[in-house]
Amino acid sequence: MTRVLPPIKRAGPYLPLLVFMVVTLLLLSASRLGLVLWQFDRVTAAADIGIILLQGVRADLIFIGLWLAIPLLLAPLLARAGSFKVWLKLNHLWLLLGLALVLLLEVSTPQFILQYDVRPNRLYIEYLKYPKEVFSTLWQGYRGMLLGGVLALLVLLWLGNLALRQVLVQTRPFARYRTLLISWPLLVFVAFAAIRSTTEHRPANPALFAITGDAMVNSLIINSPYSVLYAIYSLKHEARSSEIYGKLPQQDMLELALDWPWLKQLEFKDPQLPTLALRQPAMERAQPLNLVIILEESLGATFVKSLGGLPVTPELEQLKDEGWWFDNMYATGTRSVRGIEAVVSGFPPTPAQSVVKLSGAQQGFYTLASTLQQQGFHTSFVYGGEAHFDNMRGFFTGNGFSEVIDLPKMTKPEFVGSWGASDEDLFNAAAKHLADMSAQQKPFFSLIFTSSNHEPFEFPDDKIALYDSEKATVNNAVKYADYALGQFIAQAKQQAYWHNTLFVIVADHDNRVYGNSLVPVHKFQIPALMLGADLKPKTISSLASQIDLAPTILSLMGISARTPLLGRDFSLDAESPGRALLQFDQYFALLEQQSANEAAVTILKPDGSSVAARYFLNDKQLVLTDAAAEPAAQRRALAQVLLPSWLYREQRYRLVTE
């Protein structure tokens, strides 16, 4: 009988799991090191190799925790003497499957990177649906690598199976069942702690490891099994989501969705990219303006007196008279990522998760930064919290943003709450960054995302006269956020770049979108302001959507470029009736302005039915009818929500790739 070392004896029935963890860590770390050395120049230009390797171990533990969770949860039932043969069989099959997954994906990673400049992800899964085409492509173009990879996989798997059998031979149950019961909760806790990998508000996701401005380098930090498993998990949020409202023939969808006056003036010549158009000529400028977008967390019209809300934004009220002020701007949704999706990408809403979080939009998806980076702009995202939250870092670094400045990069912030640094600290970091860019004479685009107006509403003392007697309220947090914004703009006005920079202030959504209407339309209204450079004061009262900001911004900046944007350029026409698109839970609403105070509303329901309504802009009242929408109105609304889902699914919301 094989002599067993005392430490192995102490592992008892957990020995195969322990060995799997160690071997998998070594395999994944070795694979990562090999990939880093292969891409050495690119990696060292983006980040420190030591940090990449260390963070990689953290990502590897997430995958290992996920894989070991199932046998661990079954241990009290199977890892005892009476059922120990079943336990050994389970371990053999499950751990061998895990080893095969690791080897298969890591062996195929270099070729996938060569093809797509990123680790295996959602595309890897999608191509499994086309084995004939994929095999043919690999056989014709990469035969040597295919055969070598398959051979290496089989040899490694054979060796792994031999080693696993030896481990299983030495595995014994604990002498006492009580030992199993005492040790089990601790090991389950350790496994789930490894899976969560953070004590922050949300568990870790791949965006947590997007620490550079290079999407490929970021993908090296995680491992391919975790990347693919996360993509599988994400698929449930994205497949044909808008079809809960009904279907349309593709040509009908395109014709109806693009049937807006501002889109009829554009030329669409590429059938593969049906929304990619040559934009109308932009404002003539000697050189394009810089751009700063300030995305204010949860700052709805609820908190803006001139929009019918509370008087807790006095700084914004003063600023609105200095630039282009939108009286009837509406958010597309109720989450920050939906606001980011609309403002930064000009992308209409769907019932799926925002594209910020969807796997198919993590690279090559259109953003303003895509266009501006092509124009030579330095592009950045500045956030007071940790940018991996809601997958923001991953989305931005994969889609045109070259730098992310978040809490870990801020120098000694004076106040840090649950959601990160205060808005004052955020704006101080942003101001320093903008000054650096200006000093280097680099054109810049910076997206600044605030967070002080977020529960639990933490902000520094003695900054504002409180609106509510109790400090930690939304009204006081908004007032503080407004104060910090006012300070930042006042400081920016003293800088040389003020005169050649367009500043855009807009909310992502309201604080709480609720109401007793089928769709609480009034809670989607948000403030939006453009100022700086040579903009003259103007009030725009036409109905507007967040997706209208991007084309208007490019025009005001003096940039005429091909983009897939579907929004309206208000620099060309600020008077004609507008429209807004709202996604609320499972309902989609299309508002079409009929007069200065009234909009026709078509609400689509997830059972394929619809409701007709009227919305009165001044009174903020939605009046439902007892009838369904007219068939033509329902089809028009349906086209608006089907198009973005189709564009995402077919990977057609992008620029032309050379």
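Further up the page is the structure itself.
Residues numbered from 1 in each chain as written. Predicted model: local features only at pLDDT ≥ 70, side-chain atom pairs only at ≥ 80, totals over all residues. Heavy atoms only, no water.

*Asks:* Describe the overall build of the protein chain, listing the residues and the values that go with them.
*Replies:* Per the secondary structure count, the protein chain includes 21 helices and 21 strands. For the protein chain, the C-alpha radius of gyration of 27 Å lies close to 26 Å, the compact-globule estimate for 658 residues. Once the C-alpha set of the protein chain is aligned to its principal axes, its extents read approximately 90 × 60 × 55 Å. Here the protein chain, with 658 residues, has 55% of them falling under the buried criterion. Taken as two groups, the 56 positive and 57 negative side-chain charges of the protein chain have centres that lie 13 Å from each other. (Helix = DSSP H or I, 4+ residues; strand = E, 2+ residues; numbered from the N terminus. Rg over C-alpha atoms; globule rule 2.2 N^0.38 Å. Buried < 20%, exposed > 50% of the residue type's maximum accessible area, 1.4 Å probe, protein only. Lys, Arg positive; Asp, Glu negative; His and termini not counted. Charge placed at Lys NZ, Arg CZ, Asp CG, Glu CD.)

*Asks:* Quick rundown of unusual backbone geometry? Include the residues and the values.
*Replies:* The peptide bond linking E455 to P456 adopts the cis configuration, its omega dihedral lying at 10°. Take P456: it is sitting in the loop between β10 (444-449) and α19 (474-492). Despite not being glycine, S298 has its phi angle at roughly 55°, a positive value. Positive phi outside glycine occurs at D390, with the angle close to 55°. Mapped onto the elements, D390 comes out in the loop between β6 (378-383) and α17 (392-398). Given the relative accessible area of 6%, D390 is considered buried.

*Asks:* For helix α18 (residues 423-439), give the residues involved together with the corresponding values.
*Replies:* Helical geometry note: an α-helix holds 3.6 residues per turn, so side chains three or four residues apart project in the same direction. Along its 17 residues, α18 runs 24 Å from first to last C-alpha, staying within 8% of the 24 Å computed at 1.5 Å per residue. Contacts made by the buried residues of α18 are with β3 (290-296), β6, β7 (403-405), β9 (420-421), β10 and α19. (Expected span 1.5 Å × (residues − 1). Contact = heavy atoms within 4.5 Å.)

*Asks:* Describe in detail the sheet that holds strand β21 (residues 621-624), supporting the description with residues and values.
*Replies:* Overall, antiparallel pairing links the 5 strands, which are arranged β17-β18-β19-β20-β21 in an open sheet. The open sheet has two edge strands with one neighbour each: β17 (579-584) and β21. Taking the axes of each pair of neighbouring strands and ignoring which way they run, one obtains an average angle of 25° across the sheet. Looking at chain direction, strand β18 (residues 587-593) and strand β19 (residues 598-604) are connected through 6 bridges and run antiparallel. Residue pairing in the sheet places L591 in a bridge with V601 of β19. (Pairing = 2+ DSSP bridges. Axes fitted to C-alpha atoms, helices over the stretch in contact; angles between N-to-C directions.)

*Asks:* Give a description of the sheet that holds strand β12 (residues 525-526) that names residues and reports values.
*Replies:* Pairing within the open sheet is mixed, and its 3 strands lie in the order β12-β5-β15. The open sheet has two edge strands with one neighbour each: β12 and β15 (544-545). Inspection of the sheet shows strand β5 (residues 329-330) paired to β12 by 2 bridges, in the antiparallel sense. Each residue of the ladder has a partner; that of M329, found in β12, is I526.

*Asks:* Would you mind going over the packing of α18 against α19 in detail, with residue names and values included?
*Replies:* Remark: α18 packs on α19, axes separated minimally by 9 Å, with the N-to-C direction vectors making an angle of 20°. Accordingly, the angle class assigned to the pair α18 and α19 is roughly parallel. Here α18 and α19 pass one another in a crossing that is right-handed. Side by side, α18 and α19 meet where D423, E424, F427, A430, A431 and L434 of the first sit next to Y480, A481, Y483, A484, L485, F488 and Q491 of the second. Partitioning the contact of α18 with α19 into residue classes produces 10 nonpolar, 1 polar and 2 charged. (Parallel < 35°, antiparallel > 145°, perpendicular 65-115°, else oblique. Left-handed = near helix turned anticlockwise from the far one by under 90°. Nonpolar A, V, L, I, M, F, W, Y, C, P; charged D, E, K, R; others polar.)

*Asks:* Tell me about α19, residues and numbers included.
*Replies:* Taking 1.5 Å of rise per residue, 19 residues should cover 27 Å, and α19 covers 27 Å from first to last C-alpha, within 8% of that figure. Burial analysis of α19 places 15 of its 19 residues in the buried class, the great majority of the element.

*Asks:* Outline the side chain of N328, supporting the account with residue identities and numerical values.
*Replies:* Position of N328 relative to the elements: it lies in the loop between β4 (324-326) and β5. You can call N328 buried: its relative accessible area is 8%. Polar contacts involving the side chain of N328 include one to the main-chain carbonyl oxygen of S541, which spans 2.9 Å. (Polar contact = N/O pair within 3.5 Å; in protein donor to acceptor, adjacent residues only side chain to side chain.)

*Asks:* Summarise the packing of aromatic side chains; cite the residues concerned and give the values.
*Replies:* Throughout the structure, instances matching the rule amount to 27 aromatic pairs. Between F347 and Y653, the ring centres sit 4.8 Å apart and the planes meet at 65°, which makes this aromatic pair edge-to-face. With a gap of 306 residues between them, F347 in the loop between α15 (336-345) and α16 (368-374) and Y653 in the segment after α21 (631-649) connect regions that are remote in the sequence. Look at F444 and Y497: their rings are 5.8 Å apart centre to centre, the planes differ by 90°, and that puts the pair in the edge-to-face class. Within this pair, whereas F444 is found in strand β10, its partner Y497 is found in the loop between α19 and β11 (501-507), the two being separated by 53 residues in sequence. Among the aromatic residues, those joined into a cluster by ring pairs are F347, F365, Y366, F381, Y383, F395, F396, F401, F445, F449 and Y653. Across the ring face of F459, the terminal group of K471 is positioned such that the distance to the ring centre comes to 4.7 Å. (Phe/Tyr/Trp six-rings, centres within 6.5 Å; stacked < 30°, edge-to-face > 60°. Lys NZ or Arg CZ within 6 Å of the ring centre and 35° of its normal.)

*Asks:* Before we move on, can you summarise the nonpolar core with the specific residues and values?
*Replies:* L291, F381, F445, F488, L502, M530 and I553 are the most contacted members of the largest nonpolar core, which totals 133 residues. Once residues lying within four places of it in the same chain are set aside, the contact partners of L291 are L368, L372, F444, F445, S446, T501, L502, V504, I553 and M557. Membership of the second largest hydrophobic core comes to 39 residues, among which are V36, V43, W87 and A191. (Core = buried A, V, L, I, M, F, W, Y, C linked by side-chain atoms within 4.5 Å.)

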